[in-house]
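Given next are the chains, with one letter for each unit.
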4 protein chains.
Amino acid sequence: MTTLSREIAARLADAGHRVAEDIEVAMNIAIVDAAGHLLHFSRAHDALLGCIDLAQRKAKTSLLFHLPTATLGRISRPDGPIYGIEWSNGGLVSFGGGLPITDSDGRVIGAVGVSGGTADQDVLVADACTAAL
Amino acid sequence: MTTLSREIAARLADAGHRVAEDIEVAMNIAIVDAAGHLLHFSRAHDALLGCIDLAQRKAKTSLLFHLPTATLGRISRPDGPIYGIEWSNGGLVSFGGGLPITDSDGRVIGAVGVSGGTADQDVLVADACTAAL
Amino acid sequence: MTTLSREIAARLADAGHRVAEDIEVAMNIAIVDAAGHLLHFSRAHDALLGCIDLAQRKAKTSLLFHLPTATLGRISRPDGPIYGIEWSNGGLVSFGGGLPITDSDGRVIGAVGVSGGTADQDVLVADACTAAL
Amino acid sequence: MTTLSREIAARLADAGHRVAEDIEVAMNIAIVDAAGHLLHFSRAHDALLGCIDLAQRKAKTSLLFHLPTATLGRISRPDGPIYGIEWSNGGLVSFGGGLPITDSDGRVIGAVGVSGGTADQDVLVADACTAAL
């Protein structure tokens, strides 16, 4: 099982920030370890302040349930099977931008949370982070 | 970039309170700076006590996302793209009454939050505050 | 019994800010009503950010016990009769800068909290606020 | 006035982690901007989990009062002038490891918080961070 180190986390985040710069959106990027504890956070200049909390919360949400936050969102709406789950665990995020990080054996070794743009932009950048592993 | 001073904040709030008196609603008005920190708060006699917190929270919400709180509300409903965002950042407000304050260059230099009446009345007073800049 | 209005509160705070400018310290000034609810807050440019919370907390502390916060501090130290009271009520402040506001009949009609300088400077400014009633 | 960027923050933190590796202590390093908002966080492998929160809280404390946390600690003890201040602002840290970051004009442009070792070790690493500016 791969373990995320400080150096790997910084590399994943940097890959995300490069894509964010390409699409010209200032992003907040958070990475948590396999236990959900914060390992890395970095904020681009002028990234929205409300997204500091959202980035960390997306990473935590994704790790806690081993799911992309967008997937959690689809099943947590008023007509979904786990409606209201956002109230648990101190507050979850149920829209895109949080992704589990899996190693080559398919084990979840952490999660990334990206916030600063639209949900679609956040997902694009989160994909770039996990692809850099 | 203009910086909101104590004197400017008081002037914006006073402009709002005058409109509030015209429509005979006692208001709470909060103004935060560009970083979301409280700069000014004033409460008219008999303004609803539950609205002290709401006014400050509207100002903070609006600053954190550089959006009117009413706009945030429209996109955070169950069928919207950022459903559930209110649980982030210690609790946001997703109905009208919070507005960003922008300088002549279009930069967000703070935000105002108004609470005490209906959402429409709160927005009317918040508009009066930002118009006084 | 006098009731603190929005206008009176602004006048008291302005009197405090003038003294603060004389001694060249940027202050945060909070005024609560007889029930301890926030009535007024104003922050001078460059006042320490940590003192936004302290000013409000001093005003609340002073109102809750009808005492100057410095007096509460003297009796709440480890060898005092109410050691540990700061843990109550969501967190109190036990050093100078909070003062009850009393009307001409000696009734407590609110309280002021000042924070931004040394405790002595904060008390000087709080005195100026209450003297302006 | 210099503004801390994502890249500068990463450079300061890396300088701290190098010293931490020299003394063989795994550290958590947090950097906040001039308004106290999180800009960077990084955790070395095996750093104590309880220190994730402490590092961020030290950075925030130091920024809020423009003081090293060790200095705040000296004046907030039972016989000091601001005894009990730790209960304000959502909880402060009053021992070493938090330092303001000042630019060449002496202006506070952010703060660093280090946690993972003894207070002396944390201060040593925080010094390395600020020296790298």
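Residues numbered from 1 in each chain as written. Chains lettered and ligands numbered in written order. Predicted model: local features only at pLDDT ≥ 70, side-chain atom pairs only at ≥ 80, totals over all residues. Heavy atoms only, no water.

Caption draft 1: Fine view of the overall build of chain A. The number of helices and strands found in chain A is four helices and four strands. Tracing chain A from N to C terminus, the helices and strands come up as α-β-β-α-α-β-β-α. Here the C-alpha radius of gyration of chain A, 14 Å, is about what a compact globule of 133 residues would show, namely 14 Å. Its C-alpha atoms give chain A principal-axis dimensions of about 40 × 35 × 20 Å. The burial tally for chain A puts 55% of its 133 residues in the buried class. On chain A, roughly 5300 Å² of surface is accessible, and the fraction owed to carbon and sulfur atoms is 52%. For chain A, the centre of its 10 positive side-chain charges and the centre of its 15 negative side-chain charges are spaced 5 Å apart. (Helix = DSSP H or I, 4+ residues; strand = E, 2+ residues; numbered from the N terminus. Rg over C-alpha atoms; globule rule 2.2 N^0.38 Å. Buried < 20%, exposed > 50% of the residue type's maximum accessible area, 1.4 Å probe, protein only. Areas by Shrake-Rupley, 256 points an atom, 1.4 Å probe, with all protein chains shown as cover. Lys, Arg positive; Asp, Glu negative; His and termini not counted. Charge placed at Lys NZ, Arg CZ, Asp CG, Glu CD.)

Caption draft 2: Layout of the pattern of salt bridges. Applying the stated criterion to the full structure yields 24 salt bridges over all chains. Here Asp 33 of chain A ties to Arg 43 of chain D by a salt bridge, and the two come within 2.8 Å at their closest N and O atoms. Taken together, the positions of Asp 33 of chain A in strand S1 (residues 28–33) and Arg 43 of chain D in strand S2 (residues 38–43) put the pair across two chains. Residue Arg 43 of chain D is classed as buried on the basis of its relative accessible area, which comes to 5%. (Salt bridge = Lys/Arg side-chain N within 4 Å of Asp/Glu carboxyl O.)

Caption draft 3: Molecular detail of the interface of chain D and chain A. Residue-level contacts link 19 residues of chain D with 19 residues of chain A. With both chains or domains summed, chain D and chain A bury close to 1600 Å², and 51% of this area falls on carbon and sulfur atoms. Ranking the residues of chain D by area buried against chain A places Arg 6, Leu 38 and Arg 43 of chain D at the top, with a combined share of 40%. If you look at where chain D meets chain A, you find six salt bridges. With a shortest N-O distance of 3.3 Å, Glu 21 of chain A and Arg 6 of chain D are connected by a salt bridge. Taken together, chain D and chain A are joined by 13 residue pairs in polar contact (both at pLDDT 80 or more). Broken down by secondary-structure element, the contributors of at least two residues to the side of chain D that touches chain A are helix H1 (6–22), S2 and helix H2 (50–65) of chain D. Broken down by element, the residue count for the side of chain D that touches chain A peaks at six residues, all from S2 of chain D. (Contact = heavy atoms within 4.5 Å. Buried area = accessible area lost by both parts, 1.4 Å probe. Polar contact = N/O pair within 3.5 Å; in protein donor to acceptor, adjacent residues only side chain to side chain.)

Caption draft 4: Geometry of the relation of the copies chain D and chain A. Screw-axis analysis of chain D against chain A gives a translation of 0.1 Å along the axis, an RMSD of 0.1 Å, and a rotation angle of 180°. Both copies are brought into coincidence by an operation consistent with a two-fold rotation axis. Taking C-alpha positions as the reference, the residue of chain D nearest the rotation axis is Phe 41 of chain D, at 2.4 Å. Of the residues that chain D buries at the interface, 100% are likewise interface residues in chain A, meaning the two copies contact each other through the same surface. (Least-squares fit on C-alpha atoms with pLDDT ≥ 70 in both.)

Caption draft 5: Just the layout of surface pockets, in detail. Estimated volume of the largest pocket: approximately 2000 Å³. Lining of the largest pocket is provided by 48 residues; of these, Lys 60 and Asn 89 of chain B together with His 37, Lys 60 and Asn 89 of chain D occupy positions nearest its centre. Sorting the residues of the lining of the largest pocket by element identifies helix H2 (50–65) of chain A, helix H2 (50–65) of chain B, helix H2 (50–65) of chain C together with H2 of chain D as the ones contributing at least two each. (1 Å grid on protein atoms, 1.4 Å probe; cavity = no way out; pocket = protein on both sides within 12 Å on 5 of 7 lines; lining within 4 Å. Points joined across faces, edges and corners; volume = space filled by probe spheres on them.)

Caption draft 6: Local environment of the pairing of strand S4 (residues 108–115) of chain B. Residues and elements named next belong to chain B. Taking burial as the measure, the eight residues of S4 include eight buried ones, the bulk of the element. Relative to S4, strand S1 (residues 28–33) runs antiparallel, the two sharing six bridges. Considered in S4, the bridge of Ile 31 is made with Val 112. Relative to S4, strand S3 (residues 98–102) is paired through five bridges, and the arrangement is antiparallel. Bridge assignment links Ile 101 to a residue of S4, and that residue is Gly 110. (Pairing = 2+ DSSP bridges.)

Caption draft 7: Here's a closer look at the packing of aromatic side chains. Within the structure shown, the criterion is met by two aromatic pairs over all chains. Centre to centre, the rings of Trp 87 of chain A and Trp 87 of chain B are 4.3 Å apart; their planes meet at 45°, and the pair counts as tilted. A residue pair is termed interchain when its members come from two chains, as with Trp 87 of chain A in the loop between helix H3 (69–75) and strand S3 (98–102) and Trp 87 of chain B in the loop between helix H3 (69–75) and S3. Classification of Trp 87 of chain B as partly exposed rests on a relative accessible area of 31%. (Phe/Tyr/Trp six-rings, centres within 6.5 Å; stacked < 30°, edge-to-face > 60°.)

Caption draft 8: Local environment of the sheet that holds strand S4 (residues 108–115) of chain D. Read across the open sheet, the eight strands follow the order S3(A)-S4(A)-S1(A)-S2(A)-S2(D)-S1(D)-S4(D)-S3(D); overall the sheet is antiparallel. Among the strands making up the open sheet, the edge pair consists of S3 of chain A together with strand S3 (98–102) of chain D. The sheet shows a mean angle of 20° between the axes of neighbouring strands, direction not considered. (Axes fitted to C-alpha atoms, helices over the stretch in contact; angles between N-to-C directions.)

Caption draft 9: Structural detail: the sheet that holds S1 of chain B. Within the open sheet, the eight strands sit side by side as S3(B)-S4(B)-S1(B)-S2(B)-S2(C)-S1(C)-S4(C)-S3(C). Their pairing is antiparallel. Each of the sheet's edge strands pairs with one partner strand only, and the pair in question is S3 of chain B together with strand S3 (98–102) of chain C. Averaged over all pairs of adjacent strands, the angle between strand axes in this sheet comes to 20°, irrespective of strand direction. Running at roughly 150° to S4 of chain B, H2 of chain B makes contact with S1, strand S2 (38–43), S3 and S4 of chain B together with strand S2 (38–43) of chain C of the sheet.

Caption draft 10: The arrangement of the side chain of His 40 of chain A in detail. Counting through the fold element by element, His 40 of chain A comes out in strand S2 (residues 38–43). Within polar-contact distance, the side chain of His 40 of chain A engages the side chain of Ser 42 of chain A at 2.9 Å. Ignoring sequence-local partners within four residues, the contact set of His 40 of chain A consists of Ala 9, Ala 10, Ala 13, Ile 29, Ala 30 and Ile 31 of chain A together with Phe 41 of chain D.

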